[in-house]
Amino acid sequence: MRHIEFHDREKEITEIMRLLNTDPSLITFIYGPINSGKTELITHLTKQLPENYVVFYINLRGKFISSYDDFVRALFKLDREEKEYKAILKKISEVSIKSLKYTGIPITEDILELFFRERNYEDVFEFLEDYFTEIAENKVPVLIVDELQKIGDVKINSFLIYELFNLFIRLTKELHLCHVFAVSSDSIFIENVYSEAMLEGRCRYLLVDDFDEETTTAFLDNYEFSDDEKTVAWKYCGGKPICLVELVNIPDDRKNKAKEMLKIRKGQIEEVVYSLEARDKKMFDMITRILFEFIEKDKVGYKYLNDEIKFLVGKNIIFADSVNKELRPQSRLNLLAIREVMLSITTTLESTSHQ
Ligand SMILES: Nc1ncnc2c1ncn2[C@@H]1O[C@H](COP(=O)(O)OP(=O)(O)OP(=O)(O)O)[C@@H](O)[C@H]1O
Ligand SMILES: [Mg+2]
């Protein structure tokens, strides 16, 4: 398997660097379709920051959060070397040659035990405010929570997400202490945050989308794609980085690999659609009405996230861009698969109506 270099994202990096060069004032929501490269972008960018930045990166992927203890465990990381809280702060604040990056917020065993003993959210949020205040005296803290939607449904006293957003608002708009980035590809979560105006005037949205055609071509040029292979790659994968990487890794059989990916996705969508027809004909009719639109179009507008859209989003078939109020398939592969499935349904319907 070849090593794949990080590609492009100049526009997004310039935009994020511009934000990082000003005082924190808003929460930045990084959103986009599945596998568009949000995490990769953040990982790449945080490696390049000047030494006065300290990154606290928390990735909730694969974490199961349903209680206070889960939340504390996901947020913090035990620093086994240091016994004193002040020693941790000193270590973070001391001059270093390159920017520091922590996965999780480092704390001592004593504090962690205290959190588990007291089981009080307010203590945790207060502690975090003090923590970032201290660090901000010498460094620029950057807090990034990837897959933030994981705590979207957690309800302990009130919804945890509201409490966390309150902390984020304190750290950004009110105290200007810490840059906060929330990353998510869950359209329903982003739509809820957006439409409920939970963060009206307190956050900005930054779309990290699949590569455009020019960027895709430049990426493929790095891996000796022939013109023919480039055409096939764009036709089947569009600018979905993960899909393009798959083709890079199969240098001998790229065209067949692309066709095979489409065949698999088509099969999966058929499974979803036909099993729904067998289960719930009314829902099937509503869903196919949406999907039919993609036979002619690449994207369609929507007014609100109804159950049909939520179903398709939940199955990772459709991406709902709440900021632009548009529905579109999660990828070019999904678009082609939807078209094939819908055309076969149309053909079946036509043949039965002629009988
Ligand atoms: N700029 C890039 N250059 C090279 N490869 C990339 C780039 N962006 C993404 N990739 C490839 O695509 C894969 C998926 O990217 P990534 O995990 O960052 O997507 P994501 O948007 O975070 O996905 P999810 O929606 O699941 O969170 C990466 O593992 C990497 O192989
Ligand atoms: Mg990700």
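Residues numbered from 1 in each chain as written. Chains lettered and ligands numbered in written order. Predicted model: local features only at pLDDT ≥ 70, side-chain atom pairs only at ≥ 80, totals over all residues. Heavy atoms only, no water.

1. Describing the pattern of salt bridges
- Within this structure, the stated rule accounts for 25 salt bridges.
- Close ionic contact of aspartate 221 with lysine 230 constitutes a salt bridge, the shortest N to O distance being 2.7 Å.
- For aspartate 221, a relative accessible area of 44% gives the class partly exposed.
- With a shortest N-O distance of 3.5 Å, lysine 230 and aspartate 227 are connected by a salt bridge. Here lysine 230 pairs with aspartate 227, and both are found in helix α10 (residues 227–237), just 3 residues apart, close to one helical turn.
- Lysine 230 sits in the buried class, given a relative accessible area of 16%.
- Residue aspartate 227 is classed as exposed on the basis of its relative accessible area of 59%.
- Each of Asp79, Glu81, Glu82 and Lys91 takes part in one network of salt bridges that share partners. (Salt bridge = Lys/Arg side-chain N within 4 Å of Asp/Glu carboxyl O. Buried < 20%, exposed > 50% of the residue type's maximum accessible area, 1.4 Å probe, protein only. Helix = DSSP H or I, 4+ residues; strand = E, 2+ residues; numbered from the N terminus.)

2. Structural notes on the pairing of strand β2 (residues 53–59)
- The buried count for β2 comes to 6 of 7 residues, which makes it a mostly enclosed element.
- Here 7 bridges tie β2 to strand β6 (residues 140–146), and the two strands are oriented parallel to one another. The partner of tyrosine 57 across the bridge, within β6, is isoleucine 144.
- Where β2 and strand β4 (residues 100–103) come together, 4 bridges link them in parallel fashion. From the neighbouring strand, valine 55 faces β4, where its bridge partner is lysine 101. (Pairing = 2+ DSSP bridges.)

3. Thoughts on the sheet that holds strand β9 (residues 300–301)
- Within the open sheet, the 3 strands sit side by side as β9-β11-β10. Their pairing is antiparallel. The sheet is open, and its two edges are formed by β9 and β10 (318–321), each paired on a single side.
- With 4 bridges connecting them, β10 and strand β11 (residues 326–329) associate as antiparallel partners. Bridging across to β11, isoleucine 318 finds its partner in proline 329.

4. Comments concerning the packing of aromatic side chains
- The tally for this structure, following the rule as stated, stands at 22 aromatic pairs.
- A ring pair is formed by phenylalanine 71 and phenylalanine 125, whose centres lie 6.1 Å apart and whose planes are at 50 degrees; its orientation type is tilted. In this pair, phenylalanine 71 is assigned in helix α3 (residues 68–75) and phenylalanine 125 in helix α6 (residues 121–135), connecting sequence segments 54 residues apart. Each member of the pair, phenylalanine 71 together with phenylalanine 125, is buried. (Phe/Tyr/Trp six-rings, centres within 6.5 Å; stacked < 30°, edge-to-face > 60°.)

5. Considering the site of ligand 1
- Looking at ligand 1, there are 17 residues lining it, with His7, Gly37, Lys38, Thr39 and Glu40 nearest.
- Contact between ligand 1 and threonine 39: an oxygen atom at 2.8 Å from a side-chain N or O atom of the residue.
- A distance of 3.0 Å separates an oxygen atom of ligand 1 from a polar side-chain atom of arginine 61.
- The protein chains hide 86% of the 630 Å² of surface that ligand 1 would expose on its own.
- Only α2 (38–47) and α11 (241–248) provide two or more residues apiece to the shell around ligand 1.
- Considering only residue class, the shell around ligand 1 consists of 6 nonpolar, 6 polar and 5 charged.
- Looking at the shell around ligand 1, you find at least three residues from each of domain 1 (10–207) and domain 2 (213–354). (Near = heavy atom within 4 Å. Polar contact = N/O pair within 3.5 Å; in protein donor to acceptor, adjacent residues only side chain to side chain. Areas by Shrake-Rupley, 256 points an atom, 1.4 Å probe, with all protein chains shown as cover. Nonpolar A, V, L, I, M, F, W, Y, C, P; charged D, E, K, R; others polar. Domains from an automatic or database assignment.)

6. Considering the state of the cysteines
- Applying the stated criterion to the full structure yields 1 disulfide.
- Note that cysteine 237 is cross-linked by a disulfide to cysteine 243, the S-S spacing being 2.5 Å. Sign of the S-S torsion, about -60 degrees for the bond between cysteine 237 and cysteine 243, identifies this disulfide as left-handed.
- On the basis of relative accessible area, cysteine 237 is assigned to the buried category, the value being 1%.
- This cysteine, cysteine 178, is not joined by any disulfide, and cysteine 203 carries the nearest cysteine sulfur, 16 Å off.
- Residue classification places cysteine 178 among the buried positions, given a relative accessible area of 0%.
- Classification of cysteine 203 by relative accessible area gives buried; the value is 14%. (Disulfide = S-S within 2.5 Å.)

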